[in-house]
Amino acid sequence: MFAFLLNRLAHAVLVLLVVSVLAFTLGNTVGDPVASILGLDATPADRAALRTRLRLDEPVVVRYFLYLGDLLSGRLGNSYGAQRPIIDLLAERIPATVELALAALVLSVVIGVPLGVFAAAHPEKRIVRFLMTSSVIGVSVPTFILGIILIFTFSLTLGWLPSFGRGEVVKFEYWSTGFLTASGLKSLIMPAICLAIGQIALVARLARAEMMGVLRTDYIRFARARGLSDRAVNFSHALRNTLIPIITVSGIQLGYLVAFAVVVEQVFQWPGMGTLFLQALSQTDIPLISAFLMAAALFFVSINLVVDLLYAIADPRLRIRTQMQGAGG
Amino acid sequence: MTPDMPSDGNLLARMRRHPVAGSLLATPVTLVALLALLLVVACAIFAPWIARTDPYDLATLDLLDSHLPPAFMAKGDPRFLLGTDSQGADLASLLLYGLRVSLLVGVLAVSISVTLGTIAGLISGYLGGLVDSIVMRIADIQFTFPAMMLALLIGGVSQSLLPNDKRAALAMPIVVIALGISHWPHFARLVRGAVLVERQKDYVAAAQLAGRGHLVLMFRHILPNVLNPIFVLATLDIAFAIMAEATLSFLSFGMPPTQPSLGTLIRIGYGYLYSGEWWVVVFPALTLVVLLVSINIVGDWLRDLLDPKLR
Amino acid sequence: MKKFLQGVAICGALALASLPVAANTLRFGGTTPPLTMDPHSTNDFVTAALVRQVYDSLVGLTNDMDIEPGIATAWAPAGENTWRFTIREGVKFHDGSTLTAEDVAFSIMRQKESALYRAMYGQIREAKVVDAKTVDVISAGPDPILPRKMVRLFVMSAAWAKANNVEKVPDLGAQGTEAYSLRHANGTGPMRLVLQEPAQRTTFERNKAFWGPFNGNVERAIYTPITSAPTRVSALLSNELDLITDVPLQDVERINGTQGYMVSSAPQQLFMQLEMDGTRDVALDTWDKNGQPLQANPFKDLRVRRAFAHAVDAKLIVDRVMRGQAFVVGTAAAAGFGGYQKDLDVRWPTDVELAKKLLAEAGYPNGFIVQLNCPLQRYVNTEEICRATASMLARIGVEVRIKGMPWPEFARMLVNGPSSSFHLIGAAGNSGDVQDTFTSVMATRNRDKGLGGTNWALWSNAEFDAVTAELVGTFDPAKRTELYRRGLTIGKEQVHAVYLHQPMLTWAMRRSITVPARADSAVMLKDVTIK
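Only a predicted model underlies this, so the values are computations on that prediction, with no experimental measurement involved. (Residues numbered from 1 in each chain as written. Chains lettered and ligands numbered in written order. Predicted model: local features only at pLDDT ≥ 70, side-chain atom pairs only at ≥ 80, totals over all residues. Heavy atoms only, no water.)

1. A few points about the overall build of chain B
Regarding its fold elements, chain B presents 13 helices and zero strands. When the helices and strands of chain B are listed from N to C terminus, the series reads α-α-α-α-α-α-α-α-α-α-α-α-α. Taking all 311 residues of chain B together, 55% fall into the buried category. A separation of at least 24 residues holds for 69% of the contacts in chain B among residues at least 6 apart in sequence. When the accessible area of chain B is evaluated, it comes to approximately 13,800 Å², of which 69% is carbon and sulfur surface. One finds the centroid of the 20 positive side-chain charges in chain B at a distance of 10 Å from the centroid of its 20 negative side-chain charges. (Helix = DSSP H or I, 4+ residues; strand = E, 2+ residues; numbered from the N terminus. Buried < 20%, exposed > 50% of the residue type's maximum accessible area, 1.4 Å probe, protein only. Contact = heavy atoms within 4.5 Å. Areas by Shrake-Rupley, 256 points an atom, 1.4 Å probe, with all protein chains shown as cover. Lys, Arg positive; Asp, Glu negative; His and termini not counted. Charge placed at Lys NZ, Arg CZ, Asp CG, Glu CD.)

Okay, here's the thing in structure tokens:
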């Protein structure tokens, strides 16, 4: 177990190092930072001063290690576009994306798991077969088309929900939340649903498959033989055994949710990391793009670590195997 | 071929017993999807012959024809079945060509994934040891990022860094490579797993004893045994690639308006959604959804048919 | 934990306070967020329109784009190269301090040093405080339209700038710092900046101590940038905003047809034109029909320029692409510009046969291939205009390859080069006087003299340059009119560029709101009335 975690931790560091090399290369080989910052009318003295400040005269390897040091201490430089420290920009945007992804995750689990359990328990019902077929549509409709349909229906035609932004947010130190105001919650509904639909279908399919496996085990047969009702068997006995894999997969889903959030944010003009990234791309804001790479890597690496941890806790075989390996080696 | 043709009832009964046809007949949805997919693919392949105009030829456009609704509507023009766009281009022709671009990108991207992934998987599974750890480590690093995110990063960053005169010309290769790279580890893992299983089997040992070379072993003996799962995964992956391409184009980091894919058409049409000119966005979106749904349904069916283990 | 509880209490209060929208709050939306609140560090016009709420300009600008007294109550020439400005008394900054002549002189020198304003104010040598209510501005040469230029000169407090360490216009190189003036402001304008939430909201409230007339009844205003046009429209129609700028032209009809909403439009202070290389011997990105690069510059032949002018149907573009929300332009000026000549404003007739003939005479009977550089943002429907141009030129055998670029990239191509032989662009001097168009857009490029700074196609005509030189030094109105007419006529005869149209800017709002539409796209909050 310990060895397994150590292995994953080493992997995480490796990923971050690889991405940092990419981000550094991007930030240092593309374009002329001096021209980007100072414009064309700068005097040679200005340029020289800036070159020194940006350490452009040091050898590349030295600059890479200095860059690593900057990263570790959170000095990400300034964005060309916004003219502000990148770390501030990221800090402002992260809560929006995290809240959106969390809301979608909760939706997909809360709706997807019962659907899957129901489908596994009653595989022959017409409604179940219908749902399973239509789940293909849920997976197939691109997120942005779904977003357009939602806005057209619920904002423009019915006027029920806001079509853009986060509404009112409440700030605590470094975090801003839309969960605590009416307009914040209303603004969250459509983007969260839009992001969740595809995942609901996936979670439902997964829950169904897991559930069908568990229902075939002796343990459940025994419970049924004891005369427990179907409902009690399905939900309290069988479901419990399927939850852990579902939670694990949810972690992975969170990663996918964040990836698709880029699209949803663009459609709903959600002020999160996705819109920031797209803005950086369209302005070729290189420091911001390279900082975004690092931030994304850090995020996905952390998600994977947590998932691995859950997985290690959930899967006793892994625990035993690594212990045996530990003892043997 | 028997000379006495069976009656219709018998044919139907025989088809039901046939594994492929039978499973198709049992699920009418799949049959419909398969037919829709064939139709759409045919449209894409024969676009230059079916389309009334060549939307890439600017000299044929007339601004006076712009903003026309579909032919079946009150103000429609019989020349333009599905209406025209803001430049007077025939939307039906644009759709056919867009479909062609979308499918082409999807197929090319998946070919790259399959080629890269198969080679990496074969080598790593067959040779094992250090090569295996390195290849799998790279795959692992890549698995840290969701494929969609990776496609966005590679496609978006390279589009944005490219000097603008190269951008339109290189749009298709960039999108294809971005999508191709983002999915190769799936195939590498699949193939490697299969190779590890096959390697244990007697026929490989026999072939090895017979003095066959590594390459021959890999490609002539092991590869044919893993083709089915590769084929199934590839089919489902085309749906992903087409969707990812449409998404990139919708975010304007994909195909340019001069060579629009369905995603580009939707991006342009989105601006007209509220103005009453619904046809410029609804038709491309519908086409894309039909395409994706039918590929996914057919892919699921293929998986059940060819490789029940993958379920 | 205690902090958290406090936070919850505060947010509860906030949530309650924010539930009913406070009376007379204007929620308005535009395309892009303000880049900065520092009035001197950008010339982005969206930013300038917002900054104008908070900072007053030295010379005021009426809603019809005429000049009026602002921070300066009067101005007059005082010697060859000097203008004397009389400073208004009793004007208070938002922090309560009183505006002085020193603040004015400080602001002029600060803004003039900004890289983006060198073309406009670079000729200014000194801003001299004569006494408590007089400032002299001394230029390197005579400048008859200096007061007109001062409508973009925003006055900030010298003491405030010093206290917050922003005496110089901030640059971006400093590691990890944010200049104070980026998101804070201290002006004298009709509105006070309450809060600038980057990329989200900018909140203003009424400056009760404003020195001038406050005609409307807005107490509070919230600006929200929404880049995507359809989202902006739906935000208006679903009552999340009261007013939006830059309405997509295709949606004008629908909004006007929606109960309770209307669209108002005003001609913009610029006109669109296709510029053609007037200097290079070998044009960039031009090919013969076999795809071999041309070893010549077809645009140096007047017949080719005329062929293009006659082939592109500006009227059809106005009708179909601009949906009637624009005026065809026939000279290098548009209605509302100082020096505009209405009777000269007749465009070349559209005549494809004539165009073909001219092209053949110039030696291109089969046409050629040319790349059209096309900016994708900033102006209305540019992508569509470029595509329409391409199909119109295709009819005379010229194959146009459109290269669309987002604005920053397009601007970089021009500023760093200019590396374009054929492009679409919106032309106008910053001040709205034709003289500015002459000196910056049409005069032969000459960095030392500060001429032709935005003459991106390097058009050059000696006779025209002579007219411009004379105009700049002429103060007599009748003589100036004569020179305006000569310059405009030369521009048209020599096809300085293919003039297209003057776009309208379109705003949409709830019917309960009245606001004067302004050519500079500024929603003047002080003039907005909410019924």
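From this point, the discussion proceeds with the structure in view.
2. Details of the interface of chain B and chain A
Listed per partner, the contact involves 35 residues of chain B and 46 residues of chain A. Of the roughly 3,600 Å² buried between chain B and chain A on both sides combined, carbon and sulfur atoms contribute 80%. The interface formed by chain B and chain A includes two salt bridges. Residue B:Asp140 is joined to A:Arg8 by a salt bridge in which the shortest nitrogen-to-oxygen separation is 3.5 Å. (Buried area = accessible area lost by both parts, 1.4 Å probe. Salt bridge = Lys/Arg side-chain N within 4 Å of Asp/Glu carboxyl O.)

3. Comments concerning the pairing of strand β17 (residues 399–405) of chain C
Residues and elements named next belong to chain C. Here strand β16 (residues 369–375) pairs with β17 via seven bridges, running parallel. Each residue of the ladder has a partner; that of cysteine 374, found in β17, is glycine 404. Note on the crossover from β16 through helix α12 (residues 382–394) to β17: the handedness is right-handed. (Pairing = 2+ DSSP bridges. Right-handed = clockwise from strand over helix to strand, strands pointing away.)

4. Overview of the confidence of the model for chain B
Residue and element names in this part refer to chain B. With 91% of its residues at a pLDDT of 70 or more, chain B has an overall mean of 84. Across chain B, element-level confidence peaks in helix α5 (residues 91–127) with a mean pLDDT of 92 and bottoms out in helix α1 (residues 8–17) with 65. For residues 1–7, every residue scores under 50 in pLDDT, and the model assigns this stretch one contact once sequence neighbours within four places are set aside. (pLDDT = per-residue confidence, 0-100.)

5. Some words on the packing of helix α10 (residues 314–321) of chain C against α12(C)
Residues and elements named next belong to chain C. Contact geometry for α10 and α12: axes closest at 11 Å, N-to-C directions at 135 degrees. One way to sum up the angle between α10 and α12 is to call them oblique. The handedness of the crossing between α10 and α12 comes out as right-handed. Touching Leu316, Ile317 and Val321 of α10 are Glu384, Ile385, Ala388, Thr389 and Met392, all from α12. (Axes fitted to C-alpha atoms, helices over the stretch in contact; angles between N-to-C directions. Parallel < 35°, antiparallel > 145°, perpendicular 65-115°, else oblique. Left-handed = near helix turned anticlockwise from the far one by under 90°.)

6. A closer look at the state of the cysteines
Residue and element names in this part refer to chain C. Taken as a whole, this structure holds one disulfide over all chains when the rule is applied. Two residues, cysteine 374 and cysteine 386, share a disulfide whose sulfurs are 2.1 Å apart. Disulfide cysteine 374-cysteine 386: torsion about the S-S bond near 95 degrees, hence right-handed. Here cysteine 374 is found in strand β16, whereas its partner cysteine 386 is found in helix α12, with 12 residues between them in sequence. Each member of the pair cysteine 374 and cysteine 386 is classed as buried. (Disulfide = S-S within 2.5 Å.)

7. Here we look at the domain arrangement of chain C
All names here are of chain C. Domain annotation for chain C reports domain 1 (2–54 + 172–266 + 505–530), domain 2 (59–162) and domain 3 (271–504). Taking only C-alpha atoms, the centre of domain 2 and the centre of domain 3 are 33 Å apart. At the interface, nine residues of domain 2 touch 12 residues of domain 3. Roughly 930 Å² of surface becomes buried between domain 2 and domain 3 when both sides are summed, with 61% attributable to carbon and sulfur atoms. Our count for the contact surface shared by domain 2 and domain 3 stands at zero residue pairs in polar contact (both at pLDDT 80 or more). Split into classes, the residues belonging to the side of domain 2 that touches domain 3 amount to five nonpolar, one polar and three charged. (Domains from an automatic or database assignment. Polar contact = N/O pair within 3.5 Å; in protein donor to acceptor, adjacent residues only side chain to side chain. Nonpolar A, V, L, I, M, F, W, Y, C, P; charged D, E, K, R; others polar.)

8. Description of the sheet that holds strand β7 (residues 134–139) of chain C
Residue and element names in this part refer to chain C. Spatial ordering of the open sheet is given by β4-β5-β7-β6, a layout of four strands whose pairing is antiparallel. Edge positions in the sheet fall to β4 (72–77) and β6 (124–131), since each has one partner strand and no second. Along the sheet, successive strands turn relative to each other by an average axial angle of 20 degrees, direction set aside. The pairing of strand β5 (residues 82–87) with β7 spans five bridges and is antiparallel. If you follow threonine 86 over to β7, its bridge partner there is threonine 134.

9. What to know about the nonpolar core
Counting residues in hydrophobic clusters, the biggest one holds 166 residues, and the most contacted among them are A:Phe144, B:Ile266, B:Leu288, B:Leu291 and C:Ile255. In terms of residue count, helix α13 (residues 279–306) of chain B provides more of this core than any other element does, 15 residues in total. Filtering out sequence-adjacent residues up to four positions away, A:Phe144 remains in contact with A:Val263, A:Val267, B:Ala246, B:Thr247, B:Phe250, B:Ile266 and B:Leu288. (Core = buried A, V, L, I, M, F, W, Y, C linked by side-chain atoms within 4.5 Å.)

10. Looking at the pattern of salt bridges
Residues and elements named next belong to chain C. Under the definition given, this model contains 37 salt bridges over all chains. The salt bridge partner of glutamate 89 is lysine 133, with a shortest N-O separation of 3.8 Å. Placement of glutamate 89 in the loop between β5 and α3 (101–112) and of lysine 133 in the loop between β6 and β7 is noted, with a sequence separation of 44 residues between them. Notably, a salt bridge pairs aspartate 520 with arginine 518, separated by 2.9 Å at the nearest N-O pair.

11. Comments concerning a nonpolar patch on the surface
Residue and element names in this part refer to chain B. Together, Ile119, Ile123, Leu127, Val131, Leu215 and Phe219 make up an exposed nonpolar region whose accessible area comes to about 510 Å². At the level of elements, α5 and α10 (214–222) are the ones that each hand at least two residues to the nonpolar patch. Looking at the nonpolar patch, the element that brings in the most residues is α5, giving three residues. For isoleucine 119, the position within the fold is in helix α5. For isoleucine 119, a relative accessible area of 39% translates into the label partly exposed. (Patch = residues over 30% accessible without salt bridge, like charges linked within 9 Å, V, L, I, M, F, W, Y side chains within 5 Å.)

12. Quick look at the side chain of C:Gln273
All names here are of chain C. Along the chain, glutamine 273 falls in strand β13 (residues 271–276). Under the relative-accessibility criterion, glutamine 273 is labelled buried at 0%. Looking at glutamine 273, its side chain comes within polar contact range of the side chain of glutamate 275, at 2.6 Å.

13. What about the packing of aromatic side chains?
A complete count under the given rule lists 28 aromatic pairs over all chains for this structure. Their ring planes at 65 degrees and their centres at 5.7 Å tell us that A:Phe300 and B:Phe145 sit as a pair that is edge-to-face. Placement of the pair is A:Phe300 in helix α12 (residues 286–314) and B:Phe145 in the loop between α6 (129–143) and α7 (147–161), with the two residues belonging to separate chains. Just as A:Phe300 is buried, B:Phe145 falls in that class too. With a centroid separation of 5.5 Å and 15 degrees between ring planes, the pair formed by C:Trp348 and C:Tyr499 is classed as stacked. Taken together, the residues C:Trp348 in the loop between β15 (326–328) and α11 (352–361) and C:Tyr499 in strand β19 (residues 497–510) connect sequence positions 151 residues apart. Neither residue differs from the other here; C:Trp348 and C:Tyr499 are each classed as buried. Put simply, the rings of C:Phe299, C:Phe308, C:Tyr364, C:Phe368 and C:Phe422 touch in pairs and so form one group of aromatic residues. Positioned above the aromatic ring of C:Trp287, the side-chain terminus of C:Arg401 is 4.8 Å from the ring centre. (Phe/Tyr/Trp six-rings, centres within 6.5 Å; stacked < 30°, edge-to-face > 60°. Lys NZ or Arg CZ within 6 Å of the ring centre and 35° of its normal.)

14. Quick look at the interface of chain B and chain C
Each side of the interface is counted separately: chain B has 22 residues, and chain C has 27 residues. Counting the surface lost from both chain B and chain C, the interface buries some 2,300 Å², and carbon and sulfur atoms represent 50% of this. At the boundary of chain B with chain C, the tally comes to two salt bridges. In this structure, C:Arg387 and B:Asp85 form a salt bridge, with 3.5 Å as the shortest nitrogen-oxygen distance. Of all the elements, helix α8 (residues 164–199) of chain B adds the most residues to the side of chain B that touches chain C, at three residues. Partitioning the side of chain B that touches chain C into residue classes produces nine nonpolar, seven polar and six charged.

15. Focus: unusual backbone geometry
Residue and element names in this part refer to chain C. In this structure, methionine 65 takes a positive phi of about 70 degrees despite not being glycine. With respect to the helices and strands, the residue methionine 65 is situated in the loop between β2 (59–61) and β3 (67–69). The buried category is assigned to methionine 65, whose relative accessible area is 4%. Positive phi is not limited to glycine here, since asparagine 165 has a value of about 60 degrees. Tracing the sequence through the fold places asparagine 165 in the loop between α6 (158–163) and β8 (191–197).

16. Describing the packing of helix α7 (residues 143–157) of chain A against helix α8 (residues 182–215) of chain A
All names here are of chain A. One way to put it is that α7 packs onto α8 with a least axis distance of 9 Å and a crossing angle of 145 degrees. Regarding α7 and α8, the two cross each other, and that crossing is right-handed. On the side of α7, the interface is formed by Thr143, Leu146, Gly147, Leu150, Ile151, Phe154 and Ser155, while α8 contributes Met190, Ile193, Cys194 and Ile197. In terms of residue class, the contact of α7 with α8 is made up of eight nonpolar, three polar and no charged.

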